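Structural characterization, general
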Protein chains: 2
Amino acid sequence: MADSVVLDPVDLHLLRVLQNDARTTYRDLAAQVGVAPSTCLDRVARLRRSGVILGHRLQLDPAKLGRGLQALLSVQVRPHRRELVGPFVERIRALPESRTVFHLTGPDDYLVHVAVADMTDLQRLVLDEFTARREVARVETRLIFQQWDCGPLLPPPPPGGAPAGGSPSA
Amino acid sequence: MADSVVLDPVDLHLLRVLQNDARTTYRDLAAQVGVAPSTCLDRVARLRRSGVILGHRLQLDPAKLGRGLQALLSVQVRPHRRELVGPFVERIRALPESRTVFHLTGPDDYLVHVAVADMTDLQRLVLDEFTARREVARVETRLIFQQWDCGPLLPPPPPGGAPAGGSPSA
DNA sequence: TTTGAAATTTGTCTGGT
DNA sequence: ACCAGACAAATTTCAAA
């Protein structure tokens, strides 16, 4: 069920346009991709059903919301057992400051991306919500100078990519 | 221009609903928030103009796109001078595997979140695109077991928050 | 600034190619 | 699978409060 899905060039084109602006109308979508609007509807509905499209998210500016300081917290949880890490993750996820939580390989078990108002707020967060917890063995804080969101997420080209004059299968 | 913006309770309510589903219609939005649809339109347009809302993003499932393996790469760039790091960041941002690039405080200058097809692909990426570059002094790779996106990003409550029975201003 | 209703644009469905 | 057209529903405008 988590396996990958076959996407033809039309699907890819749709996804590429929608990732630039997820509210493009089906009419514009159709014009850009070169199929009829009703076909777009069909395709997009299929992509949602197959789980490729998970949903639509609003992209907000943290600074404009008074959360101008962002940081990454590396957290060691000891002992690293299910009955401890389950509640830990749930608690951290519920913090209004948390943006993303990663469970990682390596010596640092978790990486938490947080957005706070200022340094005072960050200090409070680290002391009260992380190091105060018994299962948290160590927290390392790194501030984020700048962050870039990269291009759209697209499937990798097949290993034996088709060259220009390649394999006429007729 | 990056300063925070005053948001009244209606704006906050709108943002909270839209972050759960950015395609909620203005009609439903109006019903949930308790104002007229045309007011919602006005408010949302204002939020876009003021830069609080940056855009609408499609949320895709990397595994369904054949990118089932994600990792975080910590990168040291030496010497850390503008004429080296500028092109470095641009090159990394342009990689189809890159999802986010962070410039950080601390010994690791950059953290790059990547999505790849498999281990072979990850090895290729690290060797060919990172360690092969002269300015890259060191790369540390950590795999992502699991990742949680956290609740909506909302402004922090004001320091002197209004208590329950507070300040009847009439 | 907000509203309610009119005008316009979109989303959705049906049936045909 | 795709397309075209028709209907329903949503968005957007606008005059008035």
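Here we summarise the structure given alongside this text. This is a predicted model, so every value here is computed, not measured.

Cut-offs used in this document
Residues numbered from 1 in each chain as written. Chains lettered and ligands numbered in written order. Predicted model: local features only at pLDDT ≥ 70, side-chain atom pairs only at ≥ 80, totals over all residues. Heavy atoms only, no water. Helix = DSSP H or I, 4+ residues; strand = E, 2+ residues; numbered from the N terminus. Polar contact = N/O pair within 3.5 Å; in protein donor to acceptor, adjacent residues only side chain to side chain. Contact = heavy atoms within 4.5 Å. Near = heavy atom within 4 Å. Nonpolar A, V, L, I, M, F, W, Y, C, P; charged D, E, K, R; others polar. Pairing = 2+ DSSP bridges. Axes fitted to C-alpha atoms, helices over the stretch in contact; angles between N-to-C directions. Buried < 20%, exposed > 50% of the residue type's maximum accessible area, 1.4 Å probe, protein only. Arc of directions from axis to C-beta. Buried area = accessible area lost by both parts, 1.4 Å probe. Salt bridge = Lys/Arg side-chain N within 4 Å of Asp/Glu carboxyl O.

The next subject is the side chain of His-103 of chain B. Along the chain, the position of His-103 of chain B falls in strand β3 (residues 98–104). Here His-80 of chain B takes part through its side chain, which lies 3.5 Å from a polar atom of the side chain of His-103 of chain B. Contact partners of His-103 of chain B, with chain neighbours within four places excluded, come to Leu-143, Ile-144, Phe-145, Gln-146 and Trp-148 of chain A together with His-80, Asp-109 and Tyr-110 of chain B.

This paragraph deals with the protein's contact with DNA strand D. Around DNA strand D, the neighbouring residues are Val-35, Ala-36, Ser-38, Thr-39, Arg-43 and Arg-46 of chain A together with Thr-25, Tyr-26, Arg-27, Ser-38 and Leu-41 of chain B. Here DNA strand D approaches the protein such that, of its atoms within 4 Å, sugar and phosphate make up 79%. At 3.4 Å, a side-chain N or O of Ser-38 of chain A approaches a base nitrogen of DNA strand D. Of all the secondary structure elements, the ones that give two or more residues to the surface near DNA strand D are α3 (37–49) of chain A together with α2 (26–33) and α3 (37–49) of chain B. It is α3 of chain A that contributes the most residues to the surface near DNA strand D, four residues altogether. Taken together, the residues of the surface near DNA strand D break down into four nonpolar, four polar and three charged.

Bringing the sheet that holds strand β2 (residues 69–77) of chain A into the picture now. With respect to topology, eight strands assemble into a closed barrel ordered β2(A)-β4(A)-β3(A)-β5(B)-β2(B)-β4(B)-β3(B)-β5(A), the strand pairing being antiparallel. Taken over all neighbouring pairs, the strand axes of this sheet differ in orientation by 35° on average, direction set aside. Across five bridges, strand β5 (residues 136–149) of chain A lies against β3 of chain B in antiparallel orientation. Within β3 of chain B, the residue paired with Asp-149 of chain A across the bridge is Thr-100 of chain B. Strand contacts of helix α5 (residues 119–131) of chain B: β2 (69–77), β4 (110–116) and β5 (136–149) of chain B, with the helix running at about 140° to β5 of chain B, the strand carrying the most contacts.

The next point concerns the protein's contact with DNA strand C. Around DNA strand C, the surrounding shell consists of Thr-25, Tyr-26, Arg-27, Ser-38 and Leu-41 of chain A together with Val-35, Ala-36, Ser-38, Thr-39, Asp-42, Arg-43 and Arg-46 of chain B. Of what DNA strand C places within 4 Å of the protein, 70% of the atoms are sugar or phosphate. Take Arg-27 of chain A: an N or O atom from its side chain is 3.0 Å from a phosphate oxygen of DNA strand C. For the surface near DNA strand C, the secondary structure elements donating two or more residues are α2 (26–33) and α3 of chain A together with α3 of chain B. Sorting elements by how many residues they give to the surface near DNA strand C places α3 of chain B first, with five residues. Residues belonging to the surface near DNA strand C are distributed by class as follows: four nonpolar, four polar and four charged.

On to α2 of chain B. Residues and elements named next belong to chain B. Residues Leu-29, Ala-30 and Val-33 constitute the buried set of α2. For α2, the buried positions fall inside an angular range of 100° around the axis, keeping them on one side. Of the exposed residues in α2, the ones pointing more than 90 degrees away from its buried face are Arg-27 and Ala-31. Tucked inside the fold, the buried residues of α2 contact α1 (9–20) and α3. Of the residues trailing α2, Gly-34 is marked for its positive phi of about 90°.

Time to look at the interface of chain B and chain A. Tallying the contact residues gives 62 residues for chain B and 62 residues for chain A. For the pair chain B and chain A, the summed buried surface comes to about 6600 Å²; carbon and sulfur atoms form 61% of the total. Where chain B meets chain A, there are two salt bridges. Contributing elements (two or more residues each) for the side of chain B that touches chain A: α1, β1 (53–60), α4 (82–94), β3, β4 and β5 of chain B. Class assignment for the residues of the side of chain B that touches chain A results in 34 nonpolar, 16 polar and twelve charged. Of the pairings in the sheet, the one linking strand β1 (residues 53–60) of chain A to β1 of chain B comprises seven bridges and is antiparallel in character. When the bridges of β1 of chain B are listed, Leu-60 of chain A appears paired with Ile-53 of chain B.

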